[in-house]
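Here are the chains, one letter per residue:
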Amino acid sequence: MTFTFLQMADLHLAWPFTGLPERLSRLRRAELRAALVRLVDLVLAERVSLVLIAGDLYEHTHADRPLAAFVAEQLGRLDPVPVLVSPGNHDPLLPGSYWETFPWPPNVQIFGPTPERIDLDELNLTVWGWGFGAWEVHDFQLGGVRRAPGRVNLGLFHGGGAPYHPFGAAELEALGLDYTAIGHIHKPGPITGRDGRLLAWYSGSPEPLSFGEPGEHGVILGRVEPGEPPFGDKGRSTVTCRFLPLASRSCLTRAVDLTGINGPEAAAARIGAAFTDEERRRDLCRAQLSGRIDPALTLDGTMIEEMLASAFLLLRVEDQTEPDWDLEAIAREKSVRGLFVERLQRLAAGADAHEAARIRRALHLGLTALAKGEGSR
Amino acid sequence: MRIESLFIEGFGRLVDRRFELGPGLNLFVGPNEAGKSTLQHFLVGMLYGQKRRGARREAAPEHGRFRPWSGVPYRGVLSYRLADGRAYRVERSFEPDRVQIWDAVTGEDLSPTFTMDRRKELLFAETHIGLSEEGFRSTAWVGQGAIGHLAGGAELAGRIANLQESGQEELSVRAAQEWLAAQAKQIGSDRAPTRPLAKAAKQLQELTEQLGRAEQVMEEVRGWEAEATEIAAILAGLAEEEESLERRLAGARLERLEGLQAQVEACEATLAQQAAYAAFPTHLSTRFEPLATELRWAETASTERSEAAGRARREAERFAEELGTLRHLSAERLQRLGSLPALLAERDRLRRNLSELRARIPEATIPQESGKGKGLIMIGGGLAILVAAFMLGMERPVVGLAVGLAGLLGLWLWQQKRPDAKAPVAAETERLQREGLQAQLSSLEAQIGDLAGDLGPAFLAGPDPAGAVQDLLGRQRAWTAAEAEAQEAALKAEGARRSLAAVQAELADLLAEAGVVDLTEFQAGIERARAYQEAKRALASLAPVLEGRSAADLAEEIALLRARVGPGDLSSTGDSPEALEASLRQIRQRLADRMARQERLRGQIETATGAIPETAELARQIAALGEQRIAMEEELAAIGLAQQVLGDVAEEMHREFAPRLARAMGALVEQLTGGRYNQVRVDESLDLRTIGPAERIVSVGALSAGTIDQFYLGLRIALLDMVAAEGEPIPLLLDDPFVSYDDERVRHALALLGEWAKERQILLLTCQERDLRAVQELNLPAHVIRLDGSPLEVDLSL
């Protein structure tokens, strides 16, 4: 029997949104909840037969009972559609966790920290799953899984890199399952085997959680066409997946070259022009400022953010501009300034990125200090 | 370097102007706004270009400031010659930015031979005089009023200190360090609680602790919530149990009420049925019962007594039949018969005695008959006395008397016939004995024969006539006793019949009183009346259970309970309502306890949850503060690095540069002051000291203003010499330096410049005619150029 499933992961309800101001972080938390509502609506509209949640549905540390009640209410709306959950490293099945103690609706089944199978006979389906029972899991846990003959075999778990339940394509291929729904990586993407066969998808986070998560975000809509019975190890079912964008907003990062500007107004104008009206209104925008600017020109990212506050839903300014010192010329000066530059340039030659950044800053500060000190005494 | 000529095609207000310069002192004279400043910027612009200091090809602010007003080309030409005699021509277009260096003699384009920096600027001037633009601006170009504005020795000392530390008079390492320290101070440290770093650290710590506490409380709340969930499940189970118990209780109550209803109905039915016996004299039953008992007893006694009388009669008759005619013997005869065995025994003894006697004495010698006769008489007399005594004892005086007399007679006879003892003694005695015995025997046998006559002749012929007599007597006694018994039984039976008749009469009276005809009817009446009473009592006993409910109430209640119980048979549980109520109370108590615990938990959760800040928001604030703190620490680290490196290089500079400067300056000062002062030193407190006359160390601050100026000019010259490329004197550009001088000081300064102009080119721009006059008065060789164009250049040296 052909059936469809919806795969989601990494919603991270109650995520703190550390990079955002308070008002927006609250808004985004509300939007995460709204995403779950949309997702449930989607399942109902598409008449999906099965929902697979591959971990990190909520933040254990910040989740409270009202949130658990909200999740239960939404998942309960899907009843009788089975909802299988594999707890992740952000919502592990710890003693006393809501996964353990909350009265979840009858259609919700939660995998524990021992690999197990859940049979859905009406779909002739076996789902092999496992869930985090601790904050960290250092080894792959599903090595012993063997597909159930004569049935569709799917996998559901969370992880991907040490110390969060590490595995790779080889481990997935060794499972021999028809498809595995996985979570942990927030950027959606498929994993294929050596023969190009689809093994799994990271569905990614339905909503981006930070500027480190650019691009589209959503869920996976999968379709399973079982092989002709009896389909054993070689007669696998065919699983096709479609990524459905679901995010209400994007996290956009644009590089803005401020070379030649003569003041913050000009900088603000260039930053504003880097985004469309719709993007400014809807998305979370980050401007990475680059270019060489007059060392005397003080660029204050916070001030520029405030200047543009009314034009953006959110603007983050990251100042990566370089003060336009002619270091070569200065280094040639027979003065303390020349020596200062020459000495720091020598230090920077053997420094790592972090140290080099500190040296660049010291250089700028020292030259600025000397410039400030000009004419003194 | 000596600048030989300038051609300004267009630069600020100066358009199409050409200036030829002399080798020594060049005096540019013009009022304000005549273009002195423009000329200086043109000169520096020609040498170093008009780009921002930095790494990009970008115009400096003065580029726009000096764009020609009239729209003529923004460009010029500068010619100069180096100490080695080589001459160069610089052609520069400020817009577009382009520069070319030519060999002024050969016309060769030397531009490619010079290094070009990232701003696309050819470094020809720097190559030729050893000074960057920055170095030129800070060393060779003395700004307006710079000399005259020296506030005294302290400022001069500061400038010298700057030089010693930074190599540039205007560049103060100390000020830079102070600025850096101020920046660091602005951020603060962990020990400065009012500064941002410590504040952030403190706030971070507070928030972290707050988050820790909140997480702890959340963990606790999660525990409570888990318990509440568990309790909810238990409550659901208990509620189910309660519901089940309530149904069972309703069932049990229903069962009981239905029983009650049945009882009531049964009682009422009985009452209805037995209503006629409501007034039946049941009290008679108290009499009836003993009567009935008595009747039964009397009937039984009568029957038994009659039967016993019959039995006794039959026994008597049997005995009579056995005795036959003997039963008619008189008492006397019977009494005598009683003595028969004794007589027989006596006879047998006598016979034995007699036999023995005969055996010892032959019969011939002994008259057996007489002896025998006498003996028998004696015996018979004795016996007769004994019997008489017995009869007398037996209240038979007649018989006794008769027998007694017979005995006495016998004894008398025996006395008469007793042998004489004086007869032949033995034989006679024996004979007498034999005769006596014989007589006794004969008497005895006569008696026996008499007695035996009643018994018939065969009687004595039997083997044991004594036994037979005994037996006969026994049976005679038995018959007599049986007869007496039969009579007594008959009497008793008669008595019993009379008693029965009396009881029956009394019972008949009772039945008549009860109005019934017979005993059965009476008993039925009693039973019915009792059933009625019983039903009445039962109904009365149900009253407390009914609690005032009527039958209709009961029916209604039963209907309600049936509805509550619903389908299914619950009556089979067998539990009593009381037991079920007890169980229900227990369940309800448990429910109440659990609900109370749940309520407490809810309260705890609500209180705790209300006090918990949103941890996600706390985490956000902590992250933001953490970032701020890291940024501040990074900034502090960068500041620290800058301070350290700056300190290091300043020290190095001071170590290498200061002694050379001091030497050069000392020599110049000595020269300038005609040997009055030599050596210049700046001590740690920035006090500038020199050695004056008589080897006395003098603070420069204590010297006259003119002397200080001399020192400063000496400093600039010395510096120029020090930083210049080897052997290449650098032109000194002075912008109206003496504006605040009085005439005397102007003369001193100009005199000094005149001296120095012998070895280097000095370009003095002034708006002061006084300066020109002083030059003239001092007769200094100078090339004078009037910027306002009238009259044209005058070369005083010529």
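Per chain, residues are indexed from 1 in the order of the written sequence. Chain labels run from A onward and ligand labels from 1 onward, assigned in the order the entries are written. With pLDDT at 70 or above as the cut-off, local features in this predicted model cover only qualifying residues; side-chain atom pairs require 80 or more to be listed or tallied, and sums for whole chains, interfaces and linings still use all residues.

**Some points on the overall build of chain A**
At step 1: Helical segments are the DSSP runs of H or I of at least four residues, strand segments are the runs of E of at least two, and each set is numbered from the N terminus. Secondary structure assignment for chain A yields ten helices and 17 strands.
At step 2: For every residue, the other C-beta atoms within 10 Å of its own C-beta are counted; 20 or more classify it as buried, 12 or fewer as exposed, and values in between as partly exposed. C-beta atoms are placed from the backbone. Taken across its 377 residues, chain A has 46% of its residues classed as buried.
At step 3: Whether two residues are in contact depends on their C-beta atoms, placed from the backbone: they are in contact if these lie within 7 Å. Residue pairs at least 24 apart in sequence account for 70% of intrachain contacts in chain A once pairs closer than 6 positions are excluded.

**Observations regarding the interface of chain B and chain A**
At step 1: Taken together, the contact pairs 58 residues of chain B with 51 residues of chain A.
At step 2: Ranked by residue count, the leading element in the side of chain B that touches chain A is helix α18 (residues 615–672) of chain B, at 19 residues.

**Things to note about helix α16 (residues 551–565) of chain B**
Quick reminder: α-helices carry 3.6 residues per turn. Residues three or four places apart thus point the same way.
At step 1: A rise of 1.5 Å per residue sets the reference length of α16 of chain B, with its 15 residues, at 21 Å; its end C-alpha atoms lie 21 Å apart and thus fit the reference within 8%.
At step 2: Following α16 of chain B by one or two positions, Gly 566 of chain B adopts a phi angle in the positive range, close to 75 degrees. The span one expects for a helix is its residue count, reduced by one, times 1.5 Å.

**Some thoughts on the confidence of the model for chain B**
All names here are of chain B.
At step 1: With 87% of its residues at a pLDDT of at least 70, chain B reaches an overall mean of 83.
At step 2: pLDDT is a per-residue confidence score from the predictor, ranging from 0 to 100. Across residues 791–798, where pLDDT falls below 50, the model places 19 contacts with residues more than four positions away in sequence or in other chains.
At step 3: Across the assembled chains, the prediction reports ipTM 0.89 with pTM 0.64.

**Let's talk about the environment of Leu 752 of chain B**
Residues and elements named next belong to chain B.
At step 1: Looking at the secondary structure, you find Leu 752 in helix α20 (residues 743–756).
At step 2: Judged by C-beta crowding, with 19 C-beta atoms within 10 Å, Leu 752 ranks as partly exposed.
At step 3: As a C-alpha pair, Leu 752 and Gln 710 span 42 residues in sequence and 7.5 Å in three-dimensional space.

**Remarks on the sheet that holds strand β1 (residues 2–11) of chain B**
Residues and elements named next belong to chain B.
At step 1: Note on pairing: DSSP must find at least two bridges between two strands before they are called paired. Taken in spatial order, the five strands make up an open sheet running β2-β1-β4-β5-β6, and their pairing is antiparallel. The sheet terminates laterally at β2 (14–20) and β6 (97–103), the two strands that pair on one side only. With direction set aside, neighbouring strand axes in the sheet form an average angle of 10 degrees.
At step 2: In this structure, strand β4 (residues 74–81) lies alongside strand β5 (residues 87–95), joined through eight bridges in antiparallel fashion. Across the sheet, Val 77 pairs through a bridge with Glu 91, a residue of β5.
At step 3: Each axis is a line fitted through C-alpha atoms, taken for helices only over the stretch in contact, and angles between the N-to-C directions span 0 to 180 degrees. Of the strands in this sheet, β1, β2, β4 and β5 are in contact with helix α1 (residues 36–48), which crosses β1 at around 110 degrees.

**A look at the nonpolar core**
At step 1: Among the nonpolar cores identified, the biggest contains 109 residues, and Ala 362 of chain A together with Phe 28, Ala 642, Ile 762 and Leu 764 of chain B are the most heavily contacted of them.
At step 2: Among the elements that take part in this core, α18 of chain B stands out by supplying 14 residues, more than any other.
At step 3: Counting residues in hydrophobic clusters, the runner-up holds 101 residues, among them Leu 78 and Val 137 of chain A together with Trp 224 and Met 632 of chain B. In these notes, a nonpolar core means any group of buried Ala, Val, Leu, Ile, Met, Phe, Trp, Tyr and Cys residues linked to one another through C-beta atoms within 7 Å.

**A look at the pairing of strand β9 (residues 688–691) of chain B**
Residues and elements named next belong to chain B.
At step 1: Only one face of β9 is buried, namely the one carrying Leu 688 and Thr 690, since none of Arg 689 and Ile 691 on the opposite face is buried.
At step 2: In this structure, β9 lies alongside strand β10 (residues 697–699), joined through three bridges in antiparallel fashion. Bridge assignment links Ile 691 to a residue of β10, and that residue is Ile 697.
At step 3: Where β9 folds back on β10, the antiparallel hairpin that results is connected by five residues, among which Ala 694 adopts a positive phi of roughly 60 degrees.

**Side note on the packing of helix α7 (residues 196–273) of chain B against α16 of chain B**
Residues and elements named next belong to chain B.
At step 1: It is the contact of α7 with α16, at a shortest axis distance of 9 Å, that shows an interaxial angle of 150 degrees. When the axes of α7 and α16 are compared, the pair comes out roughly antiparallel. Seen from above, α7 lies across α16 with left-handed handedness. Here α7 contributes Arg 247, Ala 250, Gly 251, Arg 253, Leu 254, Leu 257, Glu 258, Leu 260, Gln 261 and Val 264 to the contact with α16, which in turn contributes Ala 551, Leu 554, Glu 557, Ile 558, Leu 561, Arg 562, Arg 564 and Val 565.
At step 2: Gly is put with the polar residues, along with every residue not named as nonpolar or charged; the nonpolar set is Ala, Val, Leu, Ile, Met, Phe, Trp, Tyr, Cys and Pro, and the charged set is Asp, Glu, Lys and Arg. Of the residues belonging to the contact of α7 with α16, the class tally is ten nonpolar, two polar and six charged. Between 65 and 115 degrees an angle is taken as roughly perpendicular, under 35 as roughly parallel, over 145 as roughly antiparallel, and anywhere else as oblique. The hand of a helix crossing depends on one turn: near helix anticlockwise from the far one by less than a right angle means left-handed, and clockwise means right-handed.

**Details of the sheet that holds strand β12 (residues 238–245) of chain A**
Residues and elements named next belong to chain A.
At step 1: In spatial order, the strands read β4-β3-β2-β1-β11-β12; together these six strands make up an open sheet with mixed pairing. Two strands bound the open sheet, and with one partner strand each, they are β4 (108–110) and β12. The mean angle between the axes of side-by-side strands here comes to 20 degrees, regardless of whether they run parallel or antiparallel.

**Examining the packing of α1 of chain B against helix α4 (residues 133–140) of chain B**
Residues and elements named next belong to chain B.
At step 1: Axis separation between α1 and α4 bottoms out at 10 Å; the angle between their running directions is 150 degrees. As summarised for this structure, α1 and α4 are arranged roughly antiparallel, according to the angle between their axes. Crossing of α1 against α4: the hand is right-handed. Facing α1, whose interface residues are Val 44, Leu 47 and Tyr 48, α4 presents Glu 133, Phe 136 and Arg 137.

**A closer look at the environment of Gln 440 of chain B**
Residues and elements named next belong to chain B.
At step 1: With respect to the helices and strands, Gln 440 occurs in helix α12 (residues 425–455).
At step 2: Residue classification places Gln 440 among the buried residues on the basis of 31 C-beta atoms within 10 Å.
At step 3: The sequence separation of Gln 440 and Arg 347 amounts to 93 residues, and the corresponding C-alpha distance is 8.2 Å.

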